[in-house]
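# What the coordinates show
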Amino acid sequence: MLDPRHILILAVLLGAVGLWLMLPRGGARGRAVGTVLGIVALGLWFSQSHGLGQWTADGMFFVLAAIAVVAAVGTVTSRNPVYCAIWFGLSLLGAAGLLLLVGAQFLAVATVLVYAGAILVMFLFVLMVAQPEGKASCDRMSWEAGISAAAGIAMVGVLSVAIGGVLAPSCPAMPPIVPPTQEELAAGVLDPHQVARLGGELFGRRLIAVEIAGTLLLAALVGAAVIVNQFSGRRHDGQSREQ
Amino acid sequence: MPPILESLLKIAVLIGGLMTAAAYLVLLERWIAAWVQDRLGPNRVGVPLTKIRLFGLGQPVADGGKFLTKGEFTPGHVDKILYFLAPMAIFVAAIAAFAVVPLGSVVLPASWGVGEPVRLAVAPGLDVGMLYIFAVGSVAVYGVVLGGWASNNKYSFFGAIRSSAQLISYELPLGLGILGVVLASGSLRLDNIIIEQARSGTWNALVQPLGFVVFCVAAFAEAGRLPFDLPEAEQELVGGYHTEYLGVKLMMYMVSEFLHMVLAAFLIVILFLGGWHFWGLTGSAEAVSWPVALLRAIVLLAKVMGAIFFFMLARWSWPRFRYDQLMEVAWKVMIPWGLINVVAVAAWMEYGVQLARPWNLSAAQGMAVVGWGVLLLCWLATTIIDPTASGNRPRRDLSANDNCLE
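Residues numbered from 1 in each chain as written. Chains lettered and ligands numbered in written order. Predicted model: local features only at pLDDT ≥ 70, side-chain atom pairs only at ≥ 80, totals over all residues.

## Some points on the overall build of chain A
Worth spelling out the cut-off: In this text, helices come from DSSP runs of H or I with a minimum length of four residues, and strands from runs of E with a minimum of two, each type numbered from the N-terminal end. Partly exposed residues are those whose C-beta has more than 12 but fewer than 20 other C-beta atoms within 10 Å; with 20 or more the residue is buried, with 12 or fewer it is exposed, and the C-beta atoms are placed from the backbone. In this description, any two residues whose backbone-derived C-beta atoms lie within 7 Å of each other are considered to be in contact.
On a plain count of helices and strands, chain A comes out with eleven helices and zero strands. Scored against the burial criterion, the 243 residues of chain A give a buried share of 22%. Long-range contacts, defined here as pairs at least 24 residues apart, represent 60% of the contacts in chain A between residues at least 6 apart.

Below you can see the structure in the form of structure tokens.
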């Protein structure tokens, strides 16, 4: 029997290689091998995560987590940008499900509403309008595939080691995290007035940050309007010169 | 009863009820269309192989059978995966939204051994029910966009582009219309919103008429009903985003459209028309014995039927908007109105009591005076400024070049 920490490291390494093979790098070499390696890595990782919960009792957690992770991999490895967007949406739905599972109803619903409902639909809109005639090769390739795969998996590795105490209670990296009790949850995220408190916090203490974020978005909107007007103005000039 | 069994039972009843309702609402819509246009409508399909006609009540069964037995032909030029997934996305989203729609709650007889009152909703524990409906509704946009794109057909694609722009635009007035109600009742739960109206005895439509108008118009647009059915626009876009669909997948789109209308009717009734409350009939307690609960469900469903009837009559009462007019109504009229309503309600919640005291008005009366006053002012201002008029003037850049064609 291997040390749990070694299995985690193995999973992370396999995942890095698998992800690199799966990324669209111009040719179609080794995507199947990469997929198999990725599945093996995911299985190894989950096999060492019994600290997160029991397979049978917390089955919903593992299903949602697997959906979120697989969809996230699909987001970066798809060649068709529209499919990337769809995978991203699925990943968000998985993450929202995880939030719902721990009782953060408002966050879960807001994630779906803002990201999947508004931002991603906008992405799809642009992708569809921007590519009426097939896809350019630069859209279908992942630049710096090796570095991206290494960076992403390094992140997973760091997180795995950091919360190793949760993942595998037998490895002594950290004291295991105590989940909040029912009373604490009832006073926190499960409180019916949680949304009102969140609103009070956002528009009370953090008002300036919210306003700055809003102003930034407004500036982006004005910028987009200027760019659009620039083009239409040029067209009008051309017409008037012809006359 | 174990909770999982209770949930499954509720889901089964909900889906069965919704599917049957959607089928027979199609028949109702055809009857109403016939009535408006002074013709007979479908009145022949009854029991097969006999002469019993049953006023055409067999029509939905025949329609469903026809849809199901159509050949499952997939055009060769489509994106197979998304073509397959898009109708499912919209269908799932349309049904899932009903999970938080409350029909009231009931205390079962003690002999049944259920101590707690049973809430007649699939997901009664969701505190953010209103936002949940919004989130699920925004997922429904995917069905439209992806269906149109995956079909790989210009008409479908135009339909999808129009539709997604329309749905995204009208989500804003829809949300603004709801904000006033949420502010007034202080909760995002649909059953709390009903109880609040039942307790005060004033329906939100009576005290916030401006929000009611904005919400109704936006709900029409979100449901894609005439005069906002631009996504389909049979006469110009063949069939809109589902031009390339047939058989079961087309049926999924059709049923989803109907479910959107039913959901819009439910929301109009629950948020603005008092839900299950009716003066002198239903009381305002949170959980009641089953006869009263049944009465409440009947009142709620009767109101919903009334709203659906209004939807169906509106279909034959107004012509379709032109596309730029549709957008101008959303951005230049509905969103400002919604903002004004939110500001008026918020101001009333903050200063209303002090304002109402010298006039000797109750809170509800004062709110109603403010609400109707604001509606009148908005109406006058919009009529005078007429922000949508510019769309009907000839475009100068085009008229200058008119001679080129000759």
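## So, the overall build of chain B
A tally of regular secondary structure across chain B gives 14 helices and three strands. If you line up chain B on its principal axes, its C-alpha atoms span 70 × 65 × 45 Å. Buried positions account for 43% of the 406 residues belonging to chain B. For chain B, the share of sequence-separated contacts (at least 6 apart) that also reach a separation of at least 24 residues comes to 75%.

## A word on the packing of helix H5 (residues 154-185) of chain B against helix H8 (residues 209-223) of chain B
All names here are of chain B. As a reminder, the rule being used: Every axis corresponds to a line fitted to the C-alpha atoms, with the helix fit spanning only the stretch in contact, and the corresponding angles, defined between N-to-C directions, vary from 0 to 180 degrees. Any angle that falls under 35 degrees is termed roughly parallel, while one over 145 is termed roughly antiparallel, one within 65 to 115 roughly perpendicular, and all others oblique. By the definition used in this description, the sense in which the near helix is turned from the far one sets the handedness, with an anticlockwise turn below a right angle giving left-handed and a clockwise turn giving right-handed.
Close contact between H5 and H8 brings their axes to 8 Å; oriented N to C, the two are set at 150 degrees. On the basis of their axis angle, the class for H5 and H8 is roughly antiparallel. As for how H5 packs across H8, the hand of that crossing is left-handed. Every residue of H8 that contacts H5 at Gln166, Leu167, Tyr170, Pro173, Leu174, Leu176, Gly177, Ile178, Gly180 and Val181 is listed here: Gly211, Val214, Phe215, Val217, Ala218, Ala219, Ala221 and Glu222.

## Examining the nonpolar core
Just so we agree on the cut-off: What makes a nonpolar core is a set of buried Ala, Val, Leu, Ile, Met, Phe, Trp, Tyr and Cys residues, with links drawn between C-beta atoms within 7 Å.
By size, the foremost hydrophobic cluster in this structure holds 134 residues, and its most contacted members are Val112 of chain A together with Phe215, Ala219, Ala265 and Ile268 of chain B. The element best represented in this core is helix H10 (residues 247-272) of chain B, accounting for 18 residues. In terms of nonpolar packing, the next biggest core, distinct from the first, is built from 16 residues, Ala11, Leu19, Ala149 and Ile153 of chain A among them.

## A closer look at the sheet that holds strand E3 (residues 288-289) of chain B
Under the convention used in this document: Strand pairing is assigned whenever DSSP identifies at least 2 bridges connecting the two strands.
Taken in spatial order, the three strands line up as E2-E1-E3 (chain B) in an open sheet, and their pairing is mixed. Of all strands in the sheet, those bounded by a partner on one side alone are strand E2 (118-119) and E3 of chain B.

## Side note on the packing of helix H4 (residues 129-150) of chain B against H5 of chain B
The relative placement of two packed helices comes down to the angle between their axes together with the axis-to-axis distance. Residues and elements named next belong to chain B. Using the following cut-off: Each residue is assigned to one class: nonpolar for Ala, Val, Leu, Ile, Met, Phe, Trp, Tyr, Cys and Pro, charged for Asp, Glu, Lys and Arg, and polar for all the others, Gly among them.
Where H4 meets H5, the closest approach of the two axes is 8 Å, and the angle between their N-to-C directions is 170 degrees. Taken together, the axes of H4 and H5 lie roughly antiparallel to each other. Residues Met130, Phe134, Ser138, Val141, Val144, Val145, Gly147, Gly148 and Trp149 of H4 touch H5, and the partners they reach there are Ser156, Phe157, Gly159, Ala160, Ser163, Ser164, Leu167, Glu171, Gly175, Ile178 and Val182. Tallied by class, residues from the contact of H4 with H5 come to eleven nonpolar, eight polar and one charged.

## Concerning the environment of leucine 99 of chain A
Residues and elements named next belong to chain A. Assignment of secondary structure puts leucine 99 in helix H4 (residues 81-101). C-beta crowding within 10 Å serves as the criterion here: with 20 such atoms nearby, leucine 99 is assigned to the buried category. Distance from leucine 99 to leucine 14, taken between C-alpha atoms, is 28 Å for residues 85 residues apart in sequence. If near-sequence neighbours (up to four positions away) are discounted, leucine 99 is found in contact with Ala104, Leu107, Ala108 and Thr111.

## Remarks on the domain arrangement of chain B
How big an interface is tends to be stated in terms of accessible area lost as the parts join. Residue and element names in this part refer to chain B. The test is simple: Just so you know, the domain bounds were taken from an automatic or database domain assignment.
For chain B, the assigned domains read domain 1 (1-69) and domain 2 (74-388). In this assembly, 16 residues from domain 1 lie in contact with 15 residues from domain 2. Every element with two or more residues in the side of domain 1 that touches domain 2 is listed here: helix H1 (3-36) and helix H2 (59-69). Class assignment for the residues of the side of domain 1 that touches domain 2 results in 13 nonpolar, one polar and two charged.

## Describing the interface of chain A and chain B
Counting from both sides, the interface comprises 16 residues of chain A and, opposite them, 16 residues of chain B. A total of twelve residues in the side of chain A that touches chain B trace back to one element, the largest contributor, which is helix H5 (residues 105-130) of chain A.

## Some points on helix H6 (residues 190-200) of chain B
Residue and element names in this part refer to chain B. By the criterion of burial, H6 is predominantly enclosed, with eight of the eleven residues buried. Among all positions of H6, only Leu190, Asp191, Ile193, Ile194, Ile195, Glu196, Gln197 and Ala198 are buried. Among the structural elements, H4, H5, helix H7 (204-207) and H10 are those in contact with the buried residues of H6. Immediately downstream of H6, the backbone of glycine 201 shows phi near 75 degrees, a positive value.

## Observations concerning unusual backbone geometry
Residue and element names in this part refer to chain B. The residue aspartate 38 is not glycine, and still its phi comes out positive at about 60 degrees. As for its position among the elements, aspartate 38 is in the loop between H1 and H2. The residue asparagine 152 is not glycine, and still its phi comes out positive at about 60 degrees. Within the secondary structure layout, asparagine 152 lies in the loop between H4 and H5.

## Here's the deal with the environment of glycine 46 of chain B
Residues and elements named next belong to chain B. By the secondary structure assignment, glycine 46 is in the loop between H1 and H2. Residue class for glycine 46 comes out partly exposed when judged on the 16 C-beta atoms lying within 10 Å of it. Residues glycine 46 and leucine 57 lie eleven residues apart in sequence; the distance between their C-alpha atoms is 6.1 Å. The residues touching glycine 46, leaving out its near neighbours within four places in the chain, are Ile52, Arg53, Leu54, Leu57 and Gly58.

## Points about helix H3 (residues 80-96) of chain B
Residue and element names in this part refer to chain B. This is how it is decided: Between the first and last residue of a helix there are one fewer steps than residues, each counted as 1.5 Å, and that sum is the expected span.
In this model, H3 (17 residues) spans 25 Å end to end at C-alpha, consistent with the 24 Å of a helix rising 1.5 Å per residue. Those residues of H3 that fall on the buried side of the exposure criterion are Leu82, Tyr83, Ala86, Pro87, Ala89, Ile90, Ala93, Ala94 and Ile95. Taken together, the buried residues of H3 touch H1, H4 and H10.

## Some details on the confidence of the model for chain B
Residue and element names in this part refer to chain B. Convention followed: Note on scores: pLDDT gives the predictor's confidence for each residue, bounded by 0 and 100.
In this model, chain B carries a mean pLDDT of 83, and residues with pLDDT of at least 70 account for 92%. Looking over chain B, one finds the lowest element-wise mean pLDDT in helix H14 (residues 396-399), namely 62, and the highest in H8, namely 91. The ipTM, which scores confidence in the relative placement of chains, is 0.80 for this predicted complex, and the corresponding pTM is 0.85.

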